[in-house]
Amino acid sequence: MSTVWVELGEGRYPVHLEETLGGLPAALGRAVEGRRAVLITEPRVEGLWGARVTALLAEAGWTLDKVLLPEGEAAKSVDAWWEGVGGLLAAGVDRQTAVIALGGGALGDAAGLIAATALRGLRWVQLPTTLLAMVDASVGGKTAINHPRGKNLVGAFHQPAMVFAATEVLATLPEVQRASGLAEVVKVALMLDAGLLAAVEARAGALRRGEPAALRGVVARAVALKAGIVARDPTERGVRTVLNAGHTVGHAVESISGMPHGQAVGIGLLAELRWAERAGLCTATGLSDRLEALLLALGLPVSLPPLTAKALFEGMLMDKKRSADTICLPVPTQAGEAALVRVTVSELSEFVGGLG
Ligand code: GLY
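Draft legend 1. The sheet that holds strand β11 (residues 326-334), seen in detail. Ordered in space as β10-β11-β12, the 3 strands form an open sheet in which the pairing is antiparallel. Of all the strands in the sheet, the pair left with one neighbour each is β10 (322-323) and β12 (337-344). Sheet contacts for helix α14 (residues 345-355): β10, β11 and β12; angle to β12, the most-contacted strand, approximately 105°.

Draft legend 2. View of the sheet that holds strand β3 (residues 36-41). Read from one edge of the open sheet, 7 strands run β1-β2-β9-β6-β5-β3-β4, paired in mixed fashion. Taken across any chain shown, the strands that pair with only one partner, and hence form the sheet edges, are β1 (2-6) and β4 (63-68). The mean angle between the axes of side-by-side strands here comes to 20°, regardless of whether they run parallel or antiparallel. Pairing geometry for strand β2 (residues 13-18) and strand β9 (residues 162-166), over 4 bridges, is parallel. Within the sheet, the bridge partner assigned to Leu-17 lies in β9 and is Ala-165. Strands in contact with helix α4 (residues 105-117) are β3, β5 (98-103) and β6 (124-128); relative to β5, the strand with the most contacts, it is inclined by about 165°. Across the sheet, helix α9 (residues 212-232) lies against β1 and β2, angled at about 20° from β1, the strand it touches most.

Draft legend 3. Quick peek at the site of the ligand. All residues adjacent to the ligand are Asp-136, Lys-142, Lys-226, Glu-236, Arg-240 and Leu-243. Residue Lys-226 places a side-chain N or O atom 2.5 Å away from an oxygen atom belonging to the ligand. Within the contact set of the ligand, an oxygen atom lies 2.7 Å away from a side-chain nitrogen or oxygen of Arg-240. Protein contacts shield 91% of the accessible area of the ligand, which totals 200 Å² for the unbound molecule. By residue class, the composition of the shell around the ligand is 1 nonpolar, no polar and 5 charged.

Draft legend 4. View of the environment of Gly-181. For Gly-181, the location among the structural elements is in helix α6 (residues 175-192). The sequence separation of Gly-181 and Leu-300 amounts to 119 residues, and the corresponding C-alpha distance is 10 Å. If we skip the residues at most four places from it in the chain, Gly-181 touches Leu-131, Leu-132 and Val-135.

Draft legend 5. Expanded view of the packing of α6 against α9. Interaxial distance between α6 and α9 falls to 10 Å at its minimum, and their mutual angle equals 55°. Comparing the axis directions of α6 and α9 gives the class oblique. With respect to the hand of their crossing, α6 and α9 are arranged in left-handed fashion. Residues Arg-178, Leu-182, Val-185, Val-188 and Leu-192 of α6 lie in contact with α9, whose contacting residues are Leu-215, Val-218, Ala-222, Leu-225 and Ile-229. In terms of residue class, the contact of α6 with α9 is built from 9 nonpolar, no polar and 1 charged.

Draft legend 6. Representation of the pattern of salt bridges in the model. Counted under the stated rule, the structure contains 22 salt bridges. Look at the salt bridges and you will find they share partners, linking Asp-136, Glu-184, Lys-187 and Lys-226 into a network.

Draft legend 7. Inspection of helix α10 (residues 247-257) at higher detail. Burial analysis of α10 places 8 of its 11 residues in the buried class, which makes it a mostly covered element. For α10, the set of buried residues is His-247, Thr-248, Val-249, Gly-250, His-251, Ala-252, Val-253 and Glu-254. Along its buried surface, α10 packs onto β8 (150-157), α6, α11 (261-278), α13 (309-316), β11 and α14. One or two residues past the end of α10 sits Gly-258, with phi positive at roughly 75°.

Draft legend 8. Structural view of the pairing of β4. Sheet analysis places β3 next to β4, joined by 6 bridges and oriented parallel. Note that in β4 the partner of Ala-37 across the bridge is Leu-64. Remark: the β3/helix α2 (residues 43-59)/β4 crossover connection has right-handed handedness.

Draft legend 9. α2, seen in detail. Helix length check: α2, at 17 residues, gives a terminal C-alpha distance of 23 Å against a target of 24 Å (1.5 Å per residue), a fit within 8%. The largest bend along α2 measures about 60° and falls at Trp-49. Among the residues of α2, those classed as buried are Val-45, Trp-49, Gly-50, Val-53, Leu-56 and Leu-57. For α2, the secondary structure elements touched by its buried residues are α1 (24-31), β3, β4, β5 and β6. Between the side-chain oxygen at the start of α2 and the backbone nitrogen of Arg-44 there is a gap of 2.9 Å, and the oxygen is on Glu-42. Residue Gly-61 follows α2 closely and has a positive phi angle near 90°.

The rules behind these values
- Residues numbered from 1 in each chain as written.
- Predicted model: local features only at pLDDT ≥ 70, side-chain atom pairs only at ≥ 80, totals over all residues.
- Heavy atoms only, no water.
- Pairing = 2+ DSSP bridges.
- Helix = DSSP H or I, 4+ residues; strand = E, 2+ residues; numbered from the N terminus.
- Contact = heavy atoms within 4.5 Å.
- Axes fitted to C-alpha atoms, helices over the stretch in contact; angles between N-to-C directions.
- Near = heavy atom within 4 Å.
- Polar contact = N/O pair within 3.5 Å; in protein donor to acceptor, adjacent residues only side chain to side chain.
- Areas by Shrake-Rupley, 256 points an atom, 1.4 Å probe, with all protein chains shown as cover.
- Nonpolar A, V, L, I, M, F, W, Y, C, P; charged D, E, K, R; others polar.
- Parallel < 35°, antiparallel > 145°, perpendicular 65-115°, else oblique.
- Left-handed = near helix turned anticlockwise from the far one by under 90°.
- Salt bridge = Lys/Arg side-chain N within 4 Å of Asp/Glu carboxyl O.
- Buried < 20%, exposed > 50% of the residue type's maximum accessible area, 1.4 Å probe, protein only.
- Right-handed = clockwise from strand over helix to strand, strands pointing away.
- Expected span 1.5 Å × (residues − 1).
- Bend = angle between axes of the 7 residues up to and from the residue.

Below you can see the structure in the form of structure tokens.
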């Protein structure tokens, strides 16, 4: 269908956007040497897509081992990481072996860290099976597991050799996960592309229902935006911070409430935008009301779960963008335009706590 390149010089890699998984073996053969791989996945995804991926690769002459991680955030524990590395070693991997991560954002984060650390780094590719993973997590090489003190606090940048996003897999995605991915699309649109924001508004009903043509359009645009940002700032020293919009509040909400990632990010986007408006940083009249209407149209929550300002404060202290008591917060200044601003953790947590 189409290919977007993440332009990282020698490490440049393709993000293939396809309707089906059929082209996977040919794309994989171009991306990595040899014909040996270990598939890292989790039980639910394995039940849906494991047999298809295995058969496609076996037919093309690949030797494939498999490592199963637990489902969801449980894959991002130190025990799961250790077991995963052990699984690769038990399979006899060498530096020519590729790791294939088949799953959603949590699985990709965890499998990526396993690939980054086993034998000090194996080549890996991502086969995202959720909308969130397609439009955000699978592109850009962020790998991580969680620490009891916060999400994604242990990890590495380890860019994949390829991302292969087949939109057919979205057909089996539960509605709540589709909405979670749409929140990340809204994020990138709000911060970087007013045209995409308007397109998501215009097609909100079709996107919420998961109509394939509507999804393909926004996936392609969101991936192109993300690829462009990652190419400019692969290790998040500057402009890539924009992609963390909504995550300062969102990660705190997610950690405390256990809400799905995208839903928490949507709430975070709205809360951070309301703060930016009150601080006079966003000059577009009514942008937060527009965002709230869009989140609701996409089936996303807009209200904070019951949280104290103190719990938010403690959650925000774990933000990787924090330096001493301030956070470098990306906020929209207009629809599709963003700036990085400094805010103290206490000011933001008190403001957001007051919204609940
Ligand atoms: N998910 C934000 C990023 O990849 O930078």
